[in-house]
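Next come the chains, spelled out residue by residue.
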2 protein chains.
Amino acid sequence: MSEVRRKKVKELLQMEAGADVLAKGWVRTKRGNKEIVFIALNDGSTVRSIQIVADKNADTEPVLSRITTGACIGVRGKLVASVGSGQAVEIRAQELTVYGECDPVRYPLQKKDTSFEYLRTVAHLRPRTNTFGAVLRLRSQMAFAIHAYFHSRGFVYLNTPLITASDAEGAGQMFQVTTLDLNNVPKNKKGLPDFSKDFFGKQTSLTVSGQLEGELGATALGEIYTFGPTFRAENSNTPRHLAEFWMIEPEMAFYDIRDNMDLAEDFIKSLVRYALEHSREDIQFLNDRYDDGLIARLESVVNTDFVRLPYTEGIRILQAARDAGHRFEYPVDWGTDLQSEHERYLVEEHFKKPVILTDYPKDIKAFYMKQNEDGKTVRAMDVLFPKIGEIIGGSEREADLQKLEARVDELGMSRKNLEWYIDTRRFGSCPHSGFGLGFERLLLFITGMQNIRDVIPFPRTPKNAEF
Amino acid sequence: MSEVRRKKVKELLQMEAGADVLAKGWVRTKRGNKEIVFIALNDGSTVRSIQIVADKNADTEPVLSRITTGACIGVRGKLVASVGSGQAVEIRAQELTVYGECDPVRYPLQKKDTSFEYLRTVAHLRPRTNTFGAVLRLRSQMAFAIHAYFHSRGFVYLNTPLITASDAEGAGQMFQVTTLDLNNVPKNKKGLPDFSKDFFGKQTSLTVSGQLEGELGATALGEIYTFGPTFRAENSNTPRHLAEFWMIEPEMAFYDIRDNMDLAEDFIKSLVRYALEHSREDIQFLNDRYDDGLIARLESVVNTDFVRLPYTEGIRILQAARDAGHRFEYPVDWGTDLQSEHERYLVEEHFKKPVILTDYPKDIKAFYMKQNEDGKTVRAMDVLFPKIGEIIGGSEREADLQKLEARVDELGMSRKNLEWYIDTRRFGSCPHSGFGLGFERLLLFITGMQNIRDVIPFPRTPKNAEF
């Protein structure tokens with residue numbers, strides 16, 4: 001029997017009874033009586049465990065006594081039809097091996113506290129729970145679905161830099177990156193930190209977006225996307241903010257805002273469809289355990305046309321609702337950014353489906369967005385989702401050199417620091433568009449989890465960089 | 001004809017003559033005579049350009065005069081059989097649109113200087129060259145091949161953190177991440193920087209490896225891989241070093257070193273095979289332009305079994321070569337790390353094929369590697385490649401709690417900082433292995449490029465963080 005190769009639990013659960021098998025994994029539970037022991041064994045390949053049945057006798061007692069919740073074991077045995085409910089097959093153990101014991105007194109994953117708050121304090125072990133196993137498998141599946149989506153359409157995956165000397169979106173929210181001795185920062189003649197002595201010879205930070213570099217790629221390679229970590233040194237301790245998170249930013253030459261909306265809608269529907277098709281078991285688990293509206297919500301997104309609505313129309317709808325007696329905490333005025341309550345009203349109450357809001361006032365949007373002819377709005381587009389709010393933000397980009405430079409000046413930004421970016425408009429400028437999707441925002445929607453710290457393996461938040 | 005949808009150049013070149021088409025892209029070259037103009041149009045979808053043929057007359061002259069190298073244009077016309085060599089079809093232009101002109105005097109991508117050194121200074125535009133288009137498409141293809149390889153085998157893609165408070169591999173080489181005011185660093189009572197006031201409440205840096213967190217994933221989910229940016233604040237100005245680069249780090253529960261070697265060899269062969277099958281055109285271009293041994297080198301790797309050799313045997317071979325008169329610059333002594341010249345001798349001269357060197361002296365390898373019974377060596381494995389040297393480094397990991405703790409103590413490392421990592425050996429410890437592949441090292445091999453700064457879009461090196 002020694003030539004039997006180990007099979008993963010996921011495979012074993014799909015096999016017919018009868019085979020000699022070898023399984024390895026971690027003990028989720030162990031129970032039994034004087035004669036027989038039942039072990040639920042999980043190896044991370046699926047949310048389901050396989051049941052191991054072992055006889056209890058003088059021969060097996062020494063090894064069985066070492067097997068407790070959390071222990072790592074190997075089992076040789078025969079796959080047999082299971083009489084228990086919830087599984088077709090189980091393993092009748094013939095040989096048990098303990099790879100690693102697990103002290104039940106000290107093991108942090110005990111039944112006593114399984115709150116998400118507690119599990120965050122043992123984030124190094126929480127992937128061993130059913131919930132975080134499911135979430136992390138879903139995260140992996142979604143990442144693959146994203147790469148497969150763009151790859152099949154000929155997009156080039158572009159790795160934009162993490163360390164950057166540009167501060168296009170405001171340095172205040174950025175993490176500094178330095179090799180200067182913080183204990184004794186060298187100063188220049190003006191008494192300021194002497195960044196010429198720093199590793200890169202200038203002040204550098206962690207990127208807040210790969211978009212500007214993404215546009216360099218799109219205006220050469222046609223269609224690109226980024227998918228990598230981004231950073232915000234924002235002191236926000238909320239269930240929606242991370243200091244380190246992952247972003248997907250496609251950028252496409254020759255796309256106008258309509259092409260951009262078509263892509264965004266198709267993209268996100270494809271991802272949700274992929275999750276429903278390829279990760280049904282994990283989604284079902286999360287649906288049944290935490291959020292019985294999850295699957296219905298996912299299916300509704302796949303099967304509906306998103307509303308496309310100019311911001312100005314959205315404001316009118318909100319004002320009409322207010323005038324008809326709906327209470328909003330924040331005022332609804334043209335020219336101000338929508339609050340979460342406004343977005344949710346449009347999506348969850350008025351339209352009851354995802355909404356793509358377009359043509360925002362230029363003063364609340366970034367300098368690179370294409371200016372409309374009205375002189376007041378830009379070709380922005382935000383995709384608003386039920387429960388999540390803004391899940392995608394994008395725009396057609398300003399392709400006109402003069403307009404772009406004027407906007408940079410108007411906002412008091414440094415043209416000099418942006419020369420490399422402005423070059424794309426100077427040399428063979430091209431109409432183009434793009435958008436950004438926060439990966440963890442997507443995962444909140446796909447998993448139904450409530451806190452963004454629970455959809456990334458090791459969350460970084462104010463005062464927390466453990467593990 | 002207005003309903004004709006734009007097609008990419010790659011598609012157009014594969015079509016039959018006869019169709020009405022619309023192409024958009026950037027002008028690579030323009031030439032002609034008094035009656036006719038030939039434009040080579042490229043849109044980044046392929047290394048090849050499509051030829052546009054336009055009549056020169058009073059009607060077309062105003063638009064043709066605006067079309068120069070680098071300009072962005074759209075062409076409506078008919079796809080016709082080409083009489084020229086090197087292409088089956090070309091576009092007979094009926095309507096030309098200029099999206100963006102390109103001042104030929106100021107455009108940085110002129111024929112006059114196309115050296116790689118020069119192109120690095122205009123890295124924001126170099127993706128518009130044939131060479132960097134090919135390299136960046138290959139980079140994207142390889143990234144997809146990596147994800148597809150692991151995904152098809154059930155590995156979970158795990159995003160390990162970039163910002164870390166652990167310094168397992170030595171803080172001296174790490175970039176500090178901080179929001180402290182460098183102009184006025186707050187001090188604690190001891191007069192040292194007061195990191196309790198920093199964003200994370202402690203000293204943090206950019207990760208040099210996701211491996212330790214990867215092991216947390218593997219000992220819960222079974223098989224995982226990371227693929228993300230890593231950082232070294234090493235002041236090395238060489239063609240082989242980047243301060244920011246991308247790493248792939250698979251980590252697998254229940255794999256011993258032999259399984260690990262099997263995976264590494266199969267993995268890298270699959271990637272090379274994928275490149276040959278899916279990116280033949282770009283590889284052929286690089287082969288023909290720069291390195292006519294490239295394709296032969298790639299094919300030889302796919303079609304050969306890698307040598308597997310203990311370090312001690314390798315030393316014997318090198319010493320025998322030395323004794324027989326081969327001149328090495330560095331001494332060949334058991335216990336010292338191999339130099340590039342030694343690795344290349346084994347790979348390129350002695351075996352003439354890739355070599356997996358195993359069982360290195362423990363003193364030159366990391367603390368987490370599984371100790372062999374001889375007390376002197378560890379179950380390390382380095383994959384050595386022609387021209388590149390070490391392309392993969394890995395090992396079976398030490399699964400024994402006591403041995404791991406003893407080694408941590410022996411090396412004077414802080415057990416306290418590693419408690420979370422050591423917990424994997426404390427609770428259900430499991431035999432496991434893993435390795436790391438530097439993505440840019442792989443790309444040097446696949447593309448035949450000589451300098452690592454030319455296989456990443458925006459290289460970060462000492463004194464350089466442009467764009």
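Remember, predicted model here, so these are calculated numbers, not experimental data. (Residues numbered from 1 in each chain as written. Chains lettered and ligands numbered in written order. Predicted model: local features only at pLDDT ≥ 70, side-chain atom pairs only at ≥ 80, totals over all residues. Heavy atoms only, no water.)

A. Representation of the overall build of chain A in the model. Each helix and strand counted, chain A has 13 helices and 16 strands in total. Along the first, second and third principal axes, the C-alpha atoms of chain A reach 85 × 60 × 45 Å. By the burial criterion, 60% of the 467 residues in chain A qualify as buried. Contacts spanning at least 24 positions in sequence make up 66% of the contacts within chain A whose residues lie at least 6 apart. Taken as two groups, the 62 positive and 66 negative side-chain charges of chain A have centres that lie 5 Å from each other. (Helix = DSSP H or I, 4+ residues; strand = E, 2+ residues; numbered from the N terminus. Buried < 20%, exposed > 50% of the residue type's maximum accessible area, 1.4 Å probe, protein only. Contact = heavy atoms within 4.5 Å. Lys, Arg positive; Asp, Glu negative; His and termini not counted. Charge placed at Lys NZ, Arg CZ, Asp CG, Glu CD.)

B. The relation of the copies chain B and chain A, seen in detail. Mapping chain B onto chain A is achieved by rotating through 180 degrees and translating by 0.0 Å along the same axis, at an RMSD of 0.0 Å. Viewed as a symmetry operation, the transformation between the two copies matches a two-fold axis. For chain B, the minimum C-alpha distance to the rotation axis belongs to Val 177 of chain B and amounts to 2.5 Å. A symmetric contact is evident, with 100% of the interface residues of chain B recurring at the interface of chain A. (Least-squares fit on C-alpha atoms with pLDDT ≥ 70 in both.)

C. Here's a closer look at the packing of aromatic side chains. Taken as a whole and assessed by the stated rule, the structure comprises 57 aromatic pairs over all chains. Plain terms: the ring middles of Tyr 311 of chain A and Trp 334 of chain A are 5.8 Å apart, the flat faces sit at 80 degrees to each other, and that makes the pair edge-to-face. Taken together, the residues Tyr 311 of chain A in helix H9 (residues 311–323) and Trp 334 of chain A in the loop between H9 and helix H10 (340–351) connect sequence positions 23 residues apart. Among the aromatic residues, ring-to-ring pairing joins Tyr 149, Phe 150, Phe 155, Tyr 157, Tyr 225, Phe 267 and Phe 435 of chain A together with Phe 227, Trp 246 and Phe 439 of chain B into one connected group. Positioned above the aromatic ring of Tyr 149 of chain B, the side-chain terminus of Arg 153 of chain B is 3.6 Å from the ring centre. (Phe/Tyr/Trp six-rings, centres within 6.5 Å; stacked < 30°, edge-to-face > 60°. Lys NZ or Arg CZ within 6 Å of the ring centre and 35° of its normal.)

D. Representation of the sheet that holds strand E5 (residues 89–100) of chain B. Taken together, the 5 strands give a closed barrel; going around it, the order is E1-E2-E3-E5-E4 (chain B), and neighbouring strands pair in mixed fashion. In this sheet, adjacent strand axes meet at a mean angle of 55 degrees when their direction is disregarded. (Pairing = 2+ DSSP bridges. Axes fitted to C-alpha atoms, helices over the stretch in contact; angles between N-to-C directions.)

E. Just the pattern of salt bridges, in detail. For the structure on display, the rule yields 72 salt bridges over all chains. For Glu 466 of chain B, the salt bridge is made with Lys 202 of chain A, and the minimal N-O distance between the two is 2.9 Å. Of this pair, Glu 466 of chain B sits in the segment after helix H13 (439–447) while Lys 202 of chain A sits in the loop between strand E8 (176–178) and strand E9 (204–206), which puts the two residues in different chains. Between Lys 269 of chain B and Asp 305 of chain B there is a salt bridge; the shortest N-O distance is 3.8 Å. (Salt bridge = Lys/Arg side-chain N within 4 Å of Asp/Glu carboxyl O.)

F. A look at the side chain of His 432 of chain A. All names here are of chain A. Mapped onto the elements, His 432 comes out in strand E16 (residues 432–438). In terms of polar contacts, His 432 uses its side chain to reach the side chain of Glu 215, at 2.7 Å. At 2.7 Å, the side chain of His 432 forms a polar contact with the backbone oxygen of Cys 430. In contact with His 432, not counting residues within four places along its chain, are Glu 215, Thr 219, Glu 251, Met 252, Ala 253, Phe 254, Tyr 255, Glu 396, Arg 397 and Arg 425. (Polar contact = N/O pair within 3.5 Å; in protein donor to acceptor, adjacent residues only side chain to side chain.)

G. Representation of the side chain of Glu 398 of chain A in the model. All names here are of chain A. By the element assignment, Glu 398 lies in the loop between strand E15 (389–396) and helix H11 (401–410). At 4.5 Å, Lys 370 is the nearest oppositely charged side chain to Glu 398, a buried residue that forms no salt bridge. A polar contact is formed between the side chain of Glu 398 and the backbone nitrogen of Asp 400, at a distance of 3.1 Å. Excluding its chain neighbours within four sequence positions, the residues that come into contact with Glu 398 are Tyr 368, Met 369, Lys 370, Gln 371, Lys 403, Leu 404 and Arg 425.

H. Seen up close, the environment of Arg 232 of chain A. Relative to the elements of secondary structure, Arg 232 of chain A occurs in the loop between strand E10 (223–231) and strand E11 (244–253). Overall, Arg 232 of chain A belongs to the partly exposed group, its relative accessible area being 26%. Ignoring any residue separated from it by four or fewer positions in sequence, one finds Arg 232 of chain A in contact with Gln 173, Phe 175, Val 208, Leu 242, Ala 243 and Phe 245 of chain A together with Phe 199 of chain B. A polar contact of 3.0 Å, which involves the side chain of Arg 232 of chain A, links it to the backbone oxygen of Val 208 of chain A.

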